[in-house]
Amino acid sequence: MSKSNFTRRGLLKTSAVGGAGLAVPTIFTASSASAFTNEPTGDTVTLGFNVPQSGPYADEGADELRAYELAVEHLNGTGADNGMLETFSSKALKGNGILGKKVEYVTGDTQTKSDAARASAKSMIEKDGAVMITGGSSSGVAVAVQALCQEAGVIFMAGLTHSNDTTGKDKKANGFRHFFNSYMSGAALAPVLEKMYGSDRKAYHLTADYNWGYTTEEAIVSSTEAMGWETVNTVKTPLTQTDFSSYIAPVLQSGADVLVLNHYGGNMVNSLTNAVQFGLRDKQVNGKNFEIVVPLYSRLMAKGAGANVKGIFGSTNWHWSLQDDASKAFVKSFGTKYGFPPSQAAHTCYVQALLYADAVERAGTFNPCGVVEALEGFEFDGMGNGPTLYRAEDHQCFKDVLVVKGKENPTSEFDLLEIVEVTPVAQVTYPPDHPQFAGGSLGSCNPGA
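Residues numbered from 1 in each chain as written. Predicted model: local features only at pLDDT ≥ 70, side-chain atom pairs only at ≥ 80, totals over all residues. Heavy atoms only, no water.

The protein chain appears in an unreviewed UniProt entry as Substrate-binding protein from Sedimentitalea arenosa. Database annotation for the protein chain, UniProt heading Sequence similarities (unreviewed entry): "Belongs to the leucine-binding protein family." (UniProt positions renumbered as here; feature names shortened; annotations may be inferred.)

Listed below in structure tokens is the structure:
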């Protein structure tokens, strides 16, 4: 594991001169050769919040934007409280902006389309002077924007992206992911599914036709086949699909007794609704009750699907019902401002904004290469997922993963999922060269200008 050479008091690299091992300070300034893209020169710094404000993931995008606005208040010290700044193990942030500069922001609409997301990110960088881009609720978008940020020389703090590719074959030195991934969902879910449904099952997969769907299908197929399940069929569905009836009907003739919905957002709400309408949950196949699994869950999806989620297992990155001090602080802050609890998308985006700001403070510079060094190998706590590592080799966060299921007797429109297991980080950790993450190279940080 590589370790940062940046001290918490500023940017200080060590180099050996002869045998003396002298410490040689390297300071990034506007007048130096190390100037970088959109280096802040005034008393403000601009961040770019690129979220789906339209399209199938718009609900997640709206909650992400709420979280970013809350994060800005906490960073600037203008909120009703300080949120996770009070619980974060790093104490570099003081609520006086970032390196003393007031945080401002611009927004864009990814439309859950890679081209639109790249265009909005490009505009925020080139026209608005954004020094960091963050957001998104699609792995296709995340991969596209991450590549753009690498080219432009700015940091990309990924929002909700679950595909293995984001920190696998498409990883970039300027990009970082706090959210968990497809492999982790499979590793967390498989033991629970075996315990609940047995090891002799036949699974049929419906999969969103883009990179997140592909890697989630691969992860769930791999983890369930390893415990004895048979994969009967895998069928791709368009991201733009709203009625899945024609995809559900063949499941009934396939001999499968489990349907795995590798869908997210509005896709999952619609496909699950169609599956229930076709009576799948009331059927018996192969002498077993027919079951449905949703690998990646969110409270927003559960709300959209209503009673159809009852008893259905899935995984999630975070949930507002967690009782650690950090989660409670965030839920209180978010609830006070907006009147309802945050989603996992909101949590991830809030945390990413704070992690970026903290890295800048610890590095003593906005230079992307300083931020990269400060985040690589960074271990922290107090952000709602327990002890967490930003692994240097691939810029993936490693932390506990939640297995949840739809609640049978919810007490409110927000109390729809219950945590059935907190899967320890050791169970979802894999080597950087794991086959599901093969290909690609992290490369070197690009400071741009």
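## Examining the overall build of the protein chain
If you tally the helices and strands in the protein chain, you get 12 helices and 19 strands. For the protein chain, the spread of C-alpha atoms along the three principal axes comes to 75 × 50 × 40 Å. Within the protein chain, the proportion of its 449 residues that are buried is 58%. Sequence separation of 24 or more characterises 72% of the internal contacts of the protein chain that already satisfy a separation of 6 or more. Of the roughly 16,100 Å² of accessible surface on the protein chain, 49% is carried by carbon and sulfur atoms. Across the protein chain, the mean location of the 35 positive side-chain charges is 2 Å away from that of the 46 negative side-chain charges. (Helix = DSSP H or I, 4+ residues; strand = E, 2+ residues; numbered from the N terminus. Buried < 20%, exposed > 50% of the residue type's maximum accessible area, 1.4 Å probe, protein only. Contact = heavy atoms within 4.5 Å. Areas by Shrake-Rupley, 256 points an atom, 1.4 Å probe, with all protein chains shown as cover. Lys, Arg positive; Asp, Glu negative; His and termini not counted. Charge placed at Lys NZ, Arg CZ, Asp CG, Glu CD.)

## Section: helix α4 (residues 182-197)
Its 16 residues place the ends of α4 21 Å apart at the C-alpha level, agreeing with the 22 Å of an ideal helix rising 1.5 Å per residue. Along α4, the helix axis deviates most sharply at leucine 189, where the bend reaches about 30°; the proline proline 191 sits within four residues downstream. Across the 16 residues of α4, 12 count as buried, placing the element largely inside the fold. Taken residue by residue, α4 has Ser182, Tyr183, Met184, Ser185, Gly186, Ala187, Ala188, Leu189, Ala190, Val192, Leu193 and Tyr197 as its buried positions. Put simply, asparagine 181 is the residue that caps the front of α4, since its side-chain oxygen is 3.2 Å from the backbone nitrogen of tyrosine 183. Positive backbone phi, at 90°, marks glycine 198, one or two positions downstream of α4. (Expected span 1.5 Å × (residues − 1). Bend = angle between axes of the 7 residues up to and from the residue. Polar contact = N/O pair within 3.5 Å; in protein donor to acceptor, adjacent residues only side chain to side chain.)

## Brief notes about the state of the cysteines
For the structure shown, the criterion picks out one disulfide. Across a sulfur-sulfur distance of 1.7 Å, cysteine 369 and cysteine 445 are joined as a disulfide pair. Here cysteine 369, found in helix α11 (residues 368-375), pairs with cysteine 445, found in the segment after α12 (425-428); they are 76 residues apart in sequence, far enough to count as distant. In this model cysteine 149 remains outside any disulfide bridge; the closest cysteine sulfur is found in cysteine 445, 13 Å from its own. Residue cysteine 149 is classed as buried on the basis of its relative accessible area, which comes to 0%. Here cysteine 349 stays unpaired: no disulfide links it, and the sulfur of cysteine 397, its closest cysteine neighbor, is 13 Å away. (Disulfide = S-S within 2.5 Å.)

## Comments concerning the UniProt feature "domain: Leucine-binding protein" (unreviewed entry) in the protein chain
The sites that carry the UniProt feature "domain: Leucine-binding protein" (unreviewed entry) are, in the present numbering, residues 44-407. Note that residues 44-407 is 39% helix and 21% strand, and that its end C-alpha atoms are spaced 45 Å apart.

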